[in-house]
Amino acid sequence: SVSVDSTTQERTAQVWTRSADGALLAQDTVVTSADGLDRQSTMDADGDGDVDVAISDVTVQQADGSTVQTVETRNGDGNLRSRVVVDTSADGLTAETTTDRDGDGILDGQSRDVRSTSADGGTTRTVTQFAGDGTTVLAQSVTKQSADRRETTVTQDVNGDGNMDVSTYRVQATDGSVTEFTTQY
């Protein structure tokens, strides 16, 4: 069921899973703020009435136009299970993500996703994966696409040694046919 609070405009969605005899097997509840920037979810996975998992997904708009999205997953006892923070630039072209996969407060991984447009209208997207220290590169991919979106080149450093390991070139002809070449180094 879905309901909307007439005062706050918060939207509450609830889903129940029941057995053939009507017994409650599971329940999910999601409360979303009127602006969509705050979403709180709870899950009772076994139907015993207790919250087994809670997920908080909050996006804060900064004064400079950038956003910071924090997604936290907590166990039923309230202990942190994981945290992901995504900091996105005001123009949306750069996103930096930090991840604590096991909820111990120590960063396990970081990534940087940078997009740019060249003078001819082509685009470049560079995604770099880092270890938790934020400096050790684990992997990187660079995707270049022509302005007409028919030619795409993807180069990948899959092991973080600074050398490209795989390169894929894809071109779409005017008749719709596609040719793709992959080179492994």
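All values derive from a computational prediction rather than experimental measurement. (Residues numbered from 1 in each chain as written. Predicted model: local features only at pLDDT ≥ 70, side-chain atom pairs only at ≥ 80, totals over all residues. Heavy atoms only, no water.)

Attention shifts here to the overall build of the protein chain. Helices and strands together make up the secondary structure of the protein chain, namely zero helices and 14 strands. Put simply, the protein chain runs from its N terminus to its C terminus through helices and strands in the order β-β-β-β-β-β-β-β-β-β-β-β-β-β. Taken over C-alpha atoms, the radius of gyration comes to 22 Å for the protein chain, far larger than the 16 Å a tight globule of 185 residues would show. Along the longest, intermediate and shortest principal axes, the C-alpha atoms of the protein chain span 55 × 45 × 45 Å. Buried residues in the protein chain amount to 23% of all 185 residues. For the protein chain, the distance from the average site of its 14 positive side-chain charges to the average site of its 32 negative ones is 6 Å. (Helix = DSSP H or I, 4+ residues; strand = E, 2+ residues; numbered from the N terminus. Rg over C-alpha atoms; globule rule 2.2 N^0.38 Å. Buried < 20%, exposed > 50% of the residue type's maximum accessible area, 1.4 Å probe, protein only. Lys, Arg positive; Asp, Glu negative; His and termini not counted. Charge placed at Lys NZ, Arg CZ, Asp CG, Glu CD.)

Moving on, we get to the confidence of the model for the protein chain. When pLDDT is averaged along the protein chain, the result is 96, and 100% of the positions lie at 70 or above. The secondary-structure element of the protein chain with the lowest mean pLDDT is strand S1 (residues 2-4), recorded at 94, while strand S5 (residues 53-61) shows the highest, at 98. (pLDDT = per-residue confidence, 0-100.)

On to the pattern of salt bridges. Scanning the entire structure with this criterion turns up six salt bridges. Asp113 is the salt-bridge partner of Arg115, the closest N and O atoms lying 3.7 Å from each other. Since its relative accessible area comes to 38%, Arg115 is described here as partly exposed. On the accessibility criterion, Asp113 (14% relative accessible area) is buried. Within the structure, one salt-bridge network assembled from shared partners comprises Glu72, Arg74 and Arg83. (Salt bridge = Lys/Arg side-chain N within 4 Å of Asp/Glu carboxyl O.)

Relative to the helices and strands, Ser141 resides in strand S11 (residues 137-145). Those residues in contact with Ser141, other than ones at most four positions away along the chain, are Arg125, Thr126, Val127, Thr155 and Gln156. (Contact = heavy atoms within 4.5 Å.)

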